[in-house]
Amino acid sequence: QVQLVESGGGLVQAGGSLRLSCAASGSVFRINTMGWYRQAPGKQRELVAAMLSGGCTNYADSVTGRFTVSRDNAKNTVYLQMNSLKPEDTAVYYCGYRSGLGYDFNYWGQGTQVTVSS
């Protein structure tokens, strides 16, 4: 079992920045993938950004150049730095984890609300 605890999120004006953090604990495999999905009202959950334990990253086209995913493997923590936020970034952001490589996470955080006002 893996537990994920998220922090960060909140309300920000368009053009502002926020940073999300997610710490994993429990049976964390050395080789793993951690990242972030988001879900806006009435929309499907979508992958925002993810990072393999070896350092490779993947971003949604809509956030490329604005968001940066990073990790501290010693702390089993993944971060999402969100800059130049837009109202369409408003969503609940979920941290995810899986052992091995891939974006089909099987453990999830509780979700954190990000609201960007225009």
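Residues numbered from 1 in each chain as written. Predicted model: local features only at pLDDT ≥ 70, side-chain atom pairs only at ≥ 80, totals over all residues. Heavy atoms only, no water.

**A short note on the overall build of the protein chain**
Part 1: Counting secondary structure elements, the protein chain contains zero helices and 11 strands.
Part 2: Put simply, the protein chain runs from its N terminus to its C terminus through helices and strands in the order β-β-β-β-β-β-β-β-β-β-β.
Part 3: Expected size for 118 residues packed as a compact globule is a radius of gyration near 13 Å; at 13 Å, the protein chain falls within 12% of this value.
Part 4: For the protein chain, buried positions account for 43% of its 118 residues.
Part 5: Once local pairs closer than 6 in sequence are excluded, the contacts in the protein chain between residues at least 24 apart make up 55%.
Part 6: Within the structure as shown, the protein chain displays about 6,000 Å² of accessible surface, and the carbon and sulfur contribution to it stands at 49%.
Part 7: With 10 positive and 7 negative side-chain charges, the protein chain shows a separation of 5 Å between the mean positions of the two kinds. (Helix = DSSP H or I, 4+ residues; strand = E, 2+ residues; numbered from the N terminus. Rg over C-alpha atoms; globule rule 2.2 N^0.38 Å. Buried < 20%, exposed > 50% of the residue type's maximum accessible area, 1.4 Å probe, protein only. Contact = heavy atoms within 4.5 Å. Areas by Shrake-Rupley, 256 points an atom, 1.4 Å probe, with all protein chains shown as cover. Lys, Arg positive; Asp, Glu negative; His and termini not counted. Charge placed at Lys NZ, Arg CZ, Asp CG, Glu CD.)

**Details of the packing of aromatic side chains**
Both the distance between ring centres and the angle between the ring planes are used here to describe each pair of aromatic rings.
Part 1: Per the counting criterion, the structure on display carries four aromatic pairs.
Part 2: Ring centres of Tyr-37 and Phe-105 lie 5.6 Å apart, and the angle between their planes is 80°; this geometry places the pair in the edge-to-face category. In this pair, Tyr-37 is assigned in strand β4 (residues 32–39) and Phe-105 in the loop between β9 (91–99) and β10 (107–108), connecting sequence segments 68 residues apart.
Part 3: Owing to a relative accessible area of 15%, Tyr-37 belongs among the buried residues under this scheme. (Phe/Tyr/Trp six-rings, centres within 6.5 Å; stacked < 30°, edge-to-face > 60°.)

**Description of the sheet that holds strand β3 (residues 18–26)**
What holds strands together in a sheet is hydrogen bonding between their backbones, with the strands either parallel or antiparallel.
Part 1: The strand order across the open sheet built from four strands is β1-β3-β8-β7, with neighbouring strands paired in antiparallel fashion. Of all strands in the sheet, those with a lone pairing partner are β1 (2–7) and β7 (67–72), marking the two edges. The sheet shows a mean angle of 15° between the axes of neighbouring strands, taken without regard to direction.
Part 2: Relative to β3, β1 runs antiparallel, the two being bridged by six bridges. The residue bridging Leu-4 from the neighbouring strand is Ala-24, located in β3. (Pairing = 2+ DSSP bridges. Axes fitted to C-alpha atoms, helices over the stretch in contact; angles between N-to-C directions.)

**Structural notes on the pattern of salt bridges**
Part 1: Under the definition given, this model contains four salt bridges.
Part 2: Salt-bridge contacts for Arg-38 lead to Glu-46; the nearest nitrogen and oxygen are separated by 2.7 Å.
Part 3: The partner of Arg-98 in a salt bridge is Asp-104, and the shortest N-O contact between them spans 2.5 Å.
Part 4: Counted as one network, the salt bridges with shared partners bring together Arg-38, Glu-46, Arg-66 and Asp-89. (Salt bridge = Lys/Arg side-chain N within 4 Å of Asp/Glu carboxyl O.)

**As for unusual backbone geometry**
Part 1: Positioned with a positive phi, Asn-76 is a non-glycine residue whose angle comes to about 50°.
Part 2: Here Asn-76 shows up in the loop between β7 and β8 (77–82).
Part 3: Given a relative accessible area of 24%, Asn-76 falls into the partly exposed group.
Part 4: Even without glycine at this site, Ser-84 takes up a positive phi of about 50°.
Part 5: Residue placement: Ser-84 occurs in the loop between β8 and β9.

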